[in-house]
Amino acid sequence: MSSENIYDIVIIGSGLGGLACGSILSQRGYKVCILEQHFQIGGCLQDFKRKGKLFDTGMHYIGSYEDGQILNTLFRYFNIYDKVGVSKLASEGFDILQVNGKEFAIPQGVEAFRSKLLNQFPEEEKAINAYFDKILEIYQSVDIVNLRNIVNFDFAAKKGEGENVYEFVASLTDILDLRNILCYSNSLYAGEKESASLFIHAIINVFYLQSAWNLVKGGGQIADAFKQVIEANGGQIITKARVTKLVCKNDMLEAIHVEGREPVKGKQVISNIEPLTTMQMIEGANIRKAYMSRLRNQDQTISCFSYYGILKERTIKYSNANFYYYKNKEVWGLDDYDESDWPQGYMLYMKESQDHKGYAESFTVLSPMDYNEMEPWFDTYIERRGDDYIKMKHDKSERVLTVLEDKFPDIRSCIESSYASTPLTFRDYTGVRGGAMYGVKTDSRNPIASQVLPRTRVKNLFLTGQNINMHGILGVSIGAVITCGEIVGINEIIDELRTFKQETM
Ligand SMILES: Cc1cc2nc3c(=O)[nH]c(=O)nc-3n(C[C@H](O)[C@H](O)[C@H](O)COP(=O)(O)OP(=O)(O)OC[C@H]3O[C@@H](n4cnc5c(N)ncnc54)[C@H](O)[C@@H]3O)c2cc1C
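Each value, and the rule that gives it
Residues numbered from 1 in each chain as written. Predicted model: local features only at pLDDT ≥ 70, side-chain atom pairs only at ≥ 80, totals over all residues. Helix = DSSP H or I, 4+ residues; strand = E, 2+ residues; numbered from the N terminus. Buried ≥ 20, exposed ≤ 12 C-beta atoms within 10 Å, placed from the backbone. Contact = placed C-beta atoms within 7 Å. Pairing = 2+ DSSP bridges. Axes fitted to C-alpha atoms, helices over the stretch in contact; angles between N-to-C directions. Near = placed C-beta within 6 Å. Domains from an automatic or database assignment. Core = buried A, V, L, I, M, F, W, Y, C linked by C-beta atoms within 7 Å. Parallel < 35°, antiparallel > 145°, perpendicular 65-115°, else oblique. Left-handed = near helix turned anticlockwise from the far one by under 90°. Nonpolar A, V, L, I, M, F, W, Y, C, P; charged D, E, K, R; others polar.

Observations regarding the overall build of the protein
Scanning the protein for helices and strands turns up 15 helices and 20 strands. Judged by the C-alpha coordinates and their principal axes, the protein covers about 65 × 55 × 45 Å. Buried residues in the protein amount to 48% of all 505 residues. Contacts in the protein between residues at least 24 apart in sequence constitute 72% of all its contacts with a sequence separation of at least 6.

Some thoughts on the sheet that holds strand S18 (residues 360-369)
With mixed pairing, 7 strands are arranged side by side in an open sheet as S8-S7-S16-S17-S18-S15-S19. Since the sheet does not close on itself, it has two edges, and those belong to strand S8 (102-106) and strand S19 (415-421), each with one partner. Strand-to-strand twist of the sheet, defined as the mean angle between neighbouring strand axes without regard to direction, takes the value 20°. Inspection of the sheet shows strand S16 (residues 322-326) paired to strand S17 (residues 345-352) by 4 bridges, in the antiparallel sense.

Things to note about the pairing of strand S9 (residues 212-215)
A two-sided burial pattern is seen for S9, the buried positions comprising Ala-212 and Asn-214 on one face and Trp-213 and Leu-215 on the other. As judged from the 3 bridges shared by strand S5 (residues 61-63) and S9, these two strands associate in the antiparallel manner. Note on S9: the bridge partner recorded for Gly-63 is Ala-212. With 3 bridges connecting them, strand S6 (residues 86-88) and S9 associate as antiparallel partners. Note on S9: the bridge partner recorded for Ser-87 is Asn-214.

What to know about the site of the ligand
Taken together, 37 residues surround the ligand, and among them Gly-13, Gly-15, Gly-17, Gly-43 and Gly-431 come closest. Counting only elements with at least two residues in the shell around the ligand, the list comes to helix H1 (16-27), S5, helix H13 (423-430) and helix H14 (472-488). Each of domain 1 (3-83 + 218-298 + 442-500) and domain 3 (303-435) accounts for three or more of the residues forming the shell around the ligand.

Here's the deal with the sheet that holds strand S12 (residues 252-258)
Judged by pairing direction, the sheet is mixed, and its 3 strands sit side by side in the order S12-S11-S14 without closing on themselves. Edge positions in the sheet fall to S12 and strand S14 (282-283), since each of these pairs with one other strand and no more. With 2 bridges joining them, strand S11 (residues 243-249) and S14 adopt parallel strand pairing. Opposite Val-247, over in S14, you have Glu-283 as the bridge partner.

Topic: the nonpolar core
Nonpolar side chains in soluble globular proteins tend to end up buried together. Among the nonpolar cores identified, the biggest contains 142 residues, and Val-10, Val-32 and Ile-203 are the most heavily contacted of them. When neighbours within four sequence positions are excluded, Ile-203 is seen to be in contact with Tyr-139, Val-142 and Met-470.

Focus: the packing of H1 against H14
Taken N-terminus to C-terminus, the directions of H1 and H14 make an angle of 45°; their axes are 9 Å apart at the nearest point. Here H1 is positioned oblique relative to H14, judged by the angle of their axes. Handedness of the crossing formed by H1 with H14: right-handed. Here Leu-16, Gly-17, Ala-20, Cys-21, Ile-24 and Leu-25 of H1 lie close against H14, whose contacting residues are Ile-473, Val-476, Ser-477, Gly-479, Ala-480, Thr-483 and Cys-484. Residue classes in the contact of H1 with H14 are distributed as 9 nonpolar, 4 polar and no charged.

Structural notes on the packing of helix H2 (residues 70-77) against helix H15 (residues 490-500)
Where H2 meets H15, the closest approach of the two axes is 9 Å, and the angle between their N-to-C directions is 105°. It follows that H2 is roughly perpendicular to H15 by the angle criterion. Only Glu-496, Leu-497 and Phe-500 of H15 make contact with H2, whose side of the interface consists of Thr-73, Arg-76 and Tyr-77. Partitioning the contact of H2 with H15 into residue classes produces 3 nonpolar, 1 polar and 2 charged.

Thoughts on the domain arrangement of the protein
One can read the domain layout of the protein as domain 1 (3-83 + 218-298 + 442-500), domain 2 (87-91 + 106-215) and domain 3 (303-435). Each of domain 1 and domain 3 has a C-alpha centre, and the two are 28 Å apart. Across the contact, 17 residues belong to domain 1 and 15 residues belong to domain 3. Here the side of domain 1 that touches domain 3 takes 4 residues from strand S4 (residues 53-56), the largest share from any one element. Considering only residue class, the side of domain 1 that touches domain 3 consists of 5 nonpolar, 7 polar and 5 charged.

Thoughts on unusual backbone geometry
For the peptide bond that leads from Trp-342 to Pro-343, omega is -5°, which places it in the cis range. Looking at the secondary structure, you find Pro-343 in the loop between S16 and S17. Of note in this structure, Lys-51 is not a glycine but carries a positive phi near 50°. Summarising the element assignment, Lys-51 is placed in the loop between strand S3 (47-50) and S4. Its identity is not glycine, yet Arg-314 carries a phi of approximately 50°, on the positive side.

Some points on the environment of Ile-302
Mapping Ile-302 onto the fold places it in the loop between helix H10 (289-296) and strand S15 (303-311). In the structure, Ile-302 is positioned 137 residues away from Gly-439 in sequence and 8.6 Å away in space, judged by C-alpha atoms. In contact with Ile-302, not counting residues within four places along its chain, are Ala-190, Asp-335, Pro-368, Asp-370 and Met-437.

Considerations on the environment of Lys-441
Of note, Lys-441 is situated in the loop between H13 and strand S20 (461-463). Between the alpha carbons of Lys-441 and Gln-300 there is a distance of 5.0 Å; along the sequence they are 141 residues apart. When residues no more than four places from it in sequence are discounted, the contact partners of Lys-441 are Asp-299, Gln-300, Thr-301 and Ser-450.

So this is what it looks like as C-alpha cells:
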C-alpha cells in the first residue's frame, strides 16, 4: 500500500457523526480521511433543490443553540458555529400540535412551558411539576451534556432509560389533553407507546424547550461547514468511495477496501455506518457470535414517507413553527396502522419565501411509514424502481393531501408542484437498514439490547453515529465526542469543550 493511502484516522461515512469526528480529530493535528459512498456528503444532513427551492431530507430543526447552551458549545468546538445560519422559531409556539380536535402551541423555555400548562390545567399542578422535575433531573444527570468530567464512565447507566414515557405520564394525570401535550414529541424519537424510553424523551424535550431553531439554509450547510474545517486542517473527504471490506490481522484493521479504488489504511478507523453492516464487512477477526446476533436482533425505528410541496406565490401564510397532526385521540400510534388507514398523522414545516415575506414558498410533510410496505421494490435502486413505484408514490401523496385538508382546506389548489420520498429513499441514501428514521429502537423494557459501545473487538476500529449514544443533532454530536474520547481521552475533550462555552449575562 502506498504511503499516500495511509492516514492517522480513516472515517467510513460522512454523516453527522463521521464529520463531527473528522472535525475534532483533524483540528488536533491527525491526518484524517473520510470515505463516503455517495457523490454528496452528509447522510441525513443532505438537502436538495427543486425549481430553485431548498428541501431538507433528514435535519431541519435544532435545539439548545443559545449562547451557553450545549449545541452552541459543541458547534463552536467543532469550529462550525460561524458557518451555520439559523433563525429562532416562534417563542410563543415553536411546535404546534393538533390532536383530539384541539390545538396547543409549545412555547420556548422550560419554565414558559410549565407556566402555560399550570395556567391551562391549574388542578393538575402536582402532576405538571412532577413531570418537569423528572425530565430536568434526567437531563441534568448526563455528565457530558452538562460538561462535567467523567469518573468511572458507565456508558450503560442512563437515568430513566428503563422507564416508559407513556406509563410515567399516565401515572401522573388522567387528563387526556395534558397527557397528549406532555407526550407529543414522541415523533422526534419514533417512540412507541409500549416501549418509549423516558431517558430519550427527557433529553429531547429539554433540548428543544431550552431554545428551538430552524436551519435557514438547510441541513446541508452543516455538512459543508464541517467539510471546510476538515479540509482547512489538512483532512480529505473522498466521495463515491464505497467501503466494501475491512481486512484484519491480529485483531487490528489492516486494510479498508473501497469499490473501484486502491485500499486505504488508517492507524485508527472510525465507522459512521451501522454497527451491524460494519461488522459484516470484517474479514480476518473473530467477532463473537453473541455480539453479531445481538446486533442482528436489534429492532429498527420506523421509516418515513416525505412529501415536498412547492407553493404558488402568496397562497399560504408562513408559520414559524412545526406542526404536528394526529388523526386519532392520542399522540401515540402513528407507527401502528392499517395500510388502508395511512397516514395516522404527520409533522409539517414550511420555508418562508424571500420574495414575499410572510408567505411560505414550500413545505415538507413527514409521516411514519412501515418499511415492509416497500416489499415489491426491495431489490430496486434510486431512479430505477419502475412505473408501479411511481404510481404508489402518487397514491400515497394523495392520501397525505387528504389528511392535510383538515388543517389546510385549500391546500391542493395552492400547490404548484410536488415530490415524494419513501423508506427506500432513506435506505439507499444513508445505507440505514429498513430506512429507519432514527436507527436502532430503544426499548424501555430492555434498554441494554439497543446499546452499542464505540469500542470494538478490533483494537483500532471504533463506532460512531446515531446507533452509538443517541440519534439527532445532539445525540450524534455527543456520540462523536464519546468516540473521539476513546482515542484522545474523554475528559481532555470535555475540559476543552468547557472553554468553548459562552458565558451568558
Ligand atoms: C426524516 C428525518 C428527519 C429528521 N429530522 C431531524 C431534525 O430536525 N433534527 C435532528 O436533530 N435530527 C433529525 N433527524 C435525525 C438525524 O438526521 C440523524 O440522527 C443523524 O443525522 C444521523 O447521523 P449519522 O452520523 O448516524 O449518519 P447518517 O446520516 O446515517 O450517515 C451515514 C453516512 O454513511 C454513508 N455510508 C453508508 N455506507 C457506506 C459505505 N459502505 N461506504 C462509505 N459510506 C457509507 C452514507 O452514505 C451516509 O452518508 C431526522 C432524521 C430523519 C430520517
